[in-house]
Amino acid sequence: MDKILAQLDGLLDRYDELQELMSDPEVIQDTDRYLKLSKEEGSMREVVAAYQKYKKTKADLDEAESVLRESKDEDLEELAKEELAELRPELEDLEDQIKVLMLPKDPNDDKNIIMEIRGAAGGDEASLFAADLLSMYMKYAERQGWKLEIIDENPTEVGGYKEVAVMITGDSVYSKLKYESGAHRVQRVPVTESAGRVHTSTATVGVMPEYDEVDLKLDPKDIRTDVYRSSGAGGQHINKTSSAVRMTHIPTNIVVTMQDQRSQQQNRVKAMQILTARVYDYYESQNESEYAEKRKTAVGTGDRSERIRTYNYPQNRVTDHRIGLSLNKLDRIMNGDLGEIIDALVVADQAKKLESIGE
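Here the structure is a predicted model, which is why all the values come from computation and not from measurement.

1. What to know about the sheet that holds strand 6 (residues 223-228)
Now for step 1: Taken in spatial order, the three strands line up as 6-7-8 in an open sheet, and their pairing is antiparallel. A strand with exactly one partner marks an edge of an open sheet, and here the two such strands are strand 6 and strand 8 (254-258). The average undirected angle you get between the axes of adjacent strands in this sheet is 15°.
Now for step 2: Where strand 6 and strand 7 (residues 244-249) come together, six bridges link them in antiparallel fashion. Across the sheet, residue T225 finds its bridge partner in strand 7, namely M247.

Encoded structure:
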């Protein structure tokens, strides 16, 4: 904790400096500089408030201990003991809070996401489960006040999805949904199963942050774009125009096709968003030493082949295998009530990171 307190003293000095700068008339007139300083000040505000509370609590505790050591008055001693009984756990809670606030922030946490859900092992049942997962995330997004938009889909005849891609936009989407990447397993009796036997199927979920051009700029020379006529549902408009787009990132051979939007331009925009996210995800996973290290200190936020969760319908149970959490409320979870699982994953992730940095 001593090392963290030394860092906090420096942080407090910088915070005071920012407060002075932001009250300077010259800085106020320079909009860009003021906004930059304001953003920095805002990012520090929570930890500074916690540290100021910690310093006051520590001072009060030291004073109570001094009274207990030096006073000859029994009433004062009794008051000091009562105060210490309250202040010691409060100080411990503040220490824990500060440690979490001082953990390195994931630079992607504030970003929107592109989520891809694919039916994997299990044929029609896997595609139906992919549709169920999509419904679950739609309802969760609605609870969070986020916007979810389907940007690409490959439906099956039984009403499921071979694959579906969505964009979810809102406040700190990636910070909550980054733990959803991986293989999701379902155990249930399929609608088509006359014998009533429980089957096991899987669907995979991939969560990628949405990157602006500022974050990652793909070289246009590395992208081959083909246009063609859309197929499938959509009526005469779709069949008459070459509105579908296929983009290939030549260095990685990553291909994105997009035909769900009304115009070629809209399909180009959506295809580029997905291509940028996939290429960045690819390069992240290729940097194996950094990637492996990141996964050691994170609760499963990357590998799509990792089995992360089982949804057992007969027992109304959901189990997250990464943290050993089982909840007998599958019906509520499939209705978008994911908060308890996600909160537990965040806490477990923070605990792992705290272990890795030590005191």
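2. What to know about the sheet that holds strand 11 (residues 325-327)
Now for step 1: An order of 2-3-1-5-4-9-10-11 is seen for the eight strands of this open sheet, with the pairing classed as mixed. The sheet terminates laterally at strand 2 (147-155) and strand 11, the two strands that pair on one side only. Within the sheet, the average angular offset between the axes of one strand and its neighbour, ignoring direction, is 15°.
Now for step 2: Where strand 1 (residues 113-119) meets strand 5 (residues 199-209), seven bridges bridge the pair, whose relative direction is antiparallel. Each bridged residue has a counterpart across the sheet, and for I113 the counterpart in strand 5 is P209.
Now for step 3: Of the strands in this sheet, strand 1, strand 2, strand 3 (161-169), strand 4 (182-188), strand 5 and strand 9 (307-312) are in contact with helix 5 (residues 123-144), which crosses strand 5 at around 45°.

3. A closer look at helix 3 (residues 31-70)
Now for step 1: Taking 1.5 Å per residue as the helical rise, helix 3 with its 40 residues ought to reach 58 Å, and the 56 Å between its terminal C-alpha atoms agrees with that figure.
Now for step 2: Residues of helix 3 that are buried: L37, E41, M44, V47, V48, A50, Y51, Y54, T57, L61 and A64.

4. Some words on the environment of A85
Now for step 1: One can find A85 in helix 4 (residues 74-101).
Now for step 2: Distance from A85 to L61, taken between C-alpha atoms, is 9.6 Å for residues 24 residues apart in sequence.

5. Description of the confidence of the model for the chain
Now for step 1: With 86% of its residues at a pLDDT of 70 or more, the chain shows a mean pLDDT of 83.
Now for step 2: Within the model, pLDDT remains below 50 along residues 233-239, and this stretch shows seven contacts once partners closer than five positions in the same chain are excluded.

6. Points about the environment of T276
Now for step 1: Secondary-structure assignment places T276 in helix 8 (residues 264-286).
Now for step 2: Note: C-alpha distance between T276 and V256 (20 residues apart in sequence) is 10.0 Å.
Now for step 3: Of note is the side chain of T276, whose polar atom sits 2.7 Å from the backbone oxygen of M272.

7. Structural notes on a negative patch on the surface
Now for step 1: The grouping of E63, D73, E74, D75, E78, E82, E83, E86, E90, E92, D93 and D96 at the surface amounts to a negative patch.
Now for step 2: Relative to the assigned elements, D96 resides in helix 4.
Now for step 3: Judged by relative accessible area, D96 falls into the partly exposed class, the value being 43%.

8. Description of the nonpolar core
Now for step 1: Core analysis: the largest hydrophobic core is formed by 36 residues, its most contacted members being M115, I117, L133, Y137, L177 and Y311.
Now for step 2: Secondary-structure elements contributing two or more residues to this core are strand 1, helix 5, strand 3, helix 6 (173-177), strand 5, strand 11, helix 10 (330-334) and helix 11 (339-357).
Now for step 3: The element best represented in this core is helix 5, accounting for nine residues.
Now for step 4: Once residues within four sequence positions are removed from consideration, M115 is found in contact with Y137, V164, A165, V166, L177, V205, G206 and V207.
Now for step 5: Among the nonpolar cores identified, the runner-up in size contains 24 residues, and L8, L12, L37 and Y51 belong to it.

9. Thoughts on the packing of aromatic side chains
Now for step 1: One pass over the full model with this rule turns up three aromatic pairs.
Now for step 2: Between Y51 and Y54, the aromatic rings sit 6.2 Å apart at their centres with planes inclined by 20°, giving stacked as the arrangement. In this pair, Y51 and Y54 both sit in helix 3, three residues apart, roughly one turn of the helix. There is no split in this pair, since Y51 and Y54 are both buried.
Now for step 3: With 5.4 Å between their ring centres and 70° between their planes, F129 and Y311 make a pair best called edge-to-face. Pair noted here: F129 is in helix 5 and Y311 is in strand 9, with a separation of 182 residues, a long-range link.
Now for step 4: Geometry around Y313 places R188 over its ring, the cationic atom sitting 4.9 Å from the centre.

Thresholds, definitions, all that
- Residues numbered from 1 in each chain as written.
- Predicted model: local features only at pLDDT ≥ 70, side-chain atom pairs only at ≥ 80, totals over all residues.
- Heavy atoms only, no water.
- Pairing = 2+ DSSP bridges.
- Helix = DSSP H or I, 4+ residues; strand = E, 2+ residues; numbered from the N terminus.
- Axes fitted to C-alpha atoms, helices over the stretch in contact; angles between N-to-C directions.
- Contact = heavy atoms within 4.5 Å.
- Expected span 1.5 Å × (residues − 1).
- Buried < 20%, exposed > 50% of the residue type's maximum accessible area, 1.4 Å probe, protein only.
- pLDDT = per-residue confidence, 0-100.
- Polar contact = N/O pair within 3.5 Å; in protein donor to acceptor, adjacent residues only side chain to side chain.
- Patch = residues over 30% accessible without salt bridge, like charges linked within 9 Å, V, L, I, M, F, W, Y side chains within 5 Å.
- Areas by Shrake-Rupley, 256 points an atom, 1.4 Å probe, with all protein chains shown as cover.
- Salt bridge = Lys/Arg side-chain N within 4 Å of Asp/Glu carboxyl O.
- Lys, Arg positive; Asp, Glu negative; His and termini not counted.
- Charge placed at Lys NZ, Arg CZ, Asp CG, Glu CD.
- Core = buried A, V, L, I, M, F, W, Y, C linked by side-chain atoms within 4.5 Å.
- Phe/Tyr/Trp six-rings, centres within 6.5 Å; stacked < 30°, edge-to-face > 60°.
- Lys NZ or Arg CZ within 6 Å of the ring centre and 35° of its normal.

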